[in-house]
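# Fold and contact review
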Amino acid sequence: MPVSRAGAYLALAAGAIALGISPVFVRLADVGPFASAFWRALLALPVLFLWMRIEDRGRADRPGPTLAIGLAGLFFAGDLFFWHLSILNTTIANSTFLATTAPVWVILVAWLWFRDRISGSTVAGLALCLAGGAALLGDSLQVDRSRLVGDAYGLATGVFFGLYFHAVRAGRATHGAARLTFQSSAVTAAVLFVIAMALEPRLLPQTMQGWLAVLALGMLTHAAGQGLLSVALGTLPTVFSSLVIFIEAVIAAVFAWAVLGEALTLTQVAGGASIMLGIWVARPR
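Here we summarise the structure given alongside this text. Note that the structure is a prediction, hence the values are computed from the model and not measured. (Residues numbered from 1 in each chain as written. Predicted model: local features only at pLDDT ≥ 70, side-chain atom pairs only at ≥ 80, totals over all residues. Heavy atoms only, no water.)

## Let's talk about the nonpolar core
The biggest cluster of nonpolar side chains holds 67 residues, and the ones touching the most others in it are Leu12, Tyr164, Ile245 and Ile275. Among the elements that take part in this core, helix α4 (residues 67-89) stands out by supplying nine residues, more than any other. Discounting chain neighbours no more than four positions away, the residues touching Leu12 are Leu229, Ala232, Leu236, Phe240, Ser241, Val244 and Ile245. Core analysis: the next-biggest nonpolar cluster, separate from the first, contains nine residues, Ala41, Leu48, Met52 and Ala178 among them. (Core = buried A, V, L, I, M, F, W, Y, C linked by side-chain atoms within 4.5 Å. Buried < 20%, exposed > 50% of the residue type's maximum accessible area, 1.4 Å probe, protein only. Helix = DSSP H or I, 4+ residues; strand = E, 2+ residues; numbered from the N terminus. Contact = heavy atoms within 4.5 Å.)

## Points about the packing of helix α3 (residues 33-56) against α4
Here α3 crosses α4 at 155°, and the two axes come no closer than 9 Å. With respect to α4, the axis of α3 lies roughly antiparallel. With respect to the hand of their crossing, α3 and α4 are arranged in right-handed fashion. Here Pro33, Phe34, Ser36, Ala37 and Arg40 of α3 lie close against α4, whose contacting residues are Phe76, Leu80, Phe81, His84, Leu85 and Leu88. Across the contact of α3 with α4, the residue classes break down as eight nonpolar, two polar and one charged. (Axes fitted to C-alpha atoms, helices over the stretch in contact; angles between N-to-C directions. Parallel < 35°, antiparallel > 145°, perpendicular 65-115°, else oblique. Left-handed = near helix turned anticlockwise from the far one by under 90°. Nonpolar A, V, L, I, M, F, W, Y, C, P; charged D, E, K, R; others polar.)

## A short note on the pattern of salt bridges
A complete count under the given rule lists one salt bridge for this structure. The closest approach of N and O atoms between Arg179 and Asp56, which form a salt bridge, is 2.4 Å. Placement of Arg179 in helix α9 (residues 177-199) and of Asp56 in helix α3 is noted, with a sequence separation of 123 residues between them. The pair Arg179 / Asp56 is uniform in exposure class, with both members buried. (Salt bridge = Lys/Arg side-chain N within 4 Å of Asp/Glu carboxyl O.)

## Quick look at the environment of Ala68
Along the chain, the position of Ala68 falls in helix α4. On the accessibility criterion, Ala68 (18% relative accessible area) is buried. With 102 residues separating them in the primary sequence, Ala68 and Ala170 have C-alpha atoms 6.2 Å apart. Those residues in contact with Ala68 that lie beyond four places of it in its chain are Ala167, Ala170 and Gly171.

## Topic: a nonpolar patch on the surface
Taken together, the side chains of Val47, Leu204, Met208, Trp211, Leu212, Leu215, Met219 and Leu220 define a hydrophobic patch exposed on the protein surface, amounting to about 700 Å² of accessible area. Looking at the nonpolar patch, the element that brings in the most residues is helix α10 (residues 208-233), giving six residues. Residue placement: Leu212 occurs in helix α10. (Patch = residues over 30% accessible without salt bridge, like charges linked within 9 Å, V, L, I, M, F, W, Y side chains within 5 Å. Areas by Shrake-Rupley, 256 points an atom, 1.4 Å probe, with all protein chains shown as cover.)

Below, the structure is given as structure tokens:
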């Protein structure tokens, strides 16, 4: 169904909030990082399938997977794989900050590959968002030679998430949001299953808390977060949409404070304000 620009803004913001909660659920899950990533994609599939059937009602065209959708699934699997590798090999702060560099790669690909014009307000908004992201992490962000490999994994996370944005935007030209999210998530789940079987000692959660955590990852973080992102990218510019995902960092900090009891300093509050200002500066006119 067509989505208004206002509806797309709401979908993008809500999707960013849903994605921002994911670190809390990953922390609460009692399986390894690759197993939780696999369950995140797999448990979202029934919800996404139901949404796809609702979206397809009354439509004669029901396209199958395309190259763009296959790439979206692969890129997102790469994003989760390298993010979890970076968590294991560097600090959480470094991993989180480097993952938020995705808009840098979105802008570079848009400028160099698609020959899009990048406005000065977009660059200024990106700078404010990056500064805000660094302030959110505060003293936890550090350079250590022993963690350079983990930092490289974190940087790869940002690259894959940036490529995912472009793949989803291309896929939305021919597919509805539900069909695209379902088909790409099936690819992501298949890839992560192979990775989890190869690298994890066990796949199944052992406690009710673990099952509830991975269920929340699938239903809320993936089905809602990635689905709403697909809805927004059918209407809004890719570059601006990637900047709004910085809200993830703000939401993650707020939920870590509210749920896990982590401290929230004045510098972090200022960082969150800088991110919101950067998004406002870069908004489509």
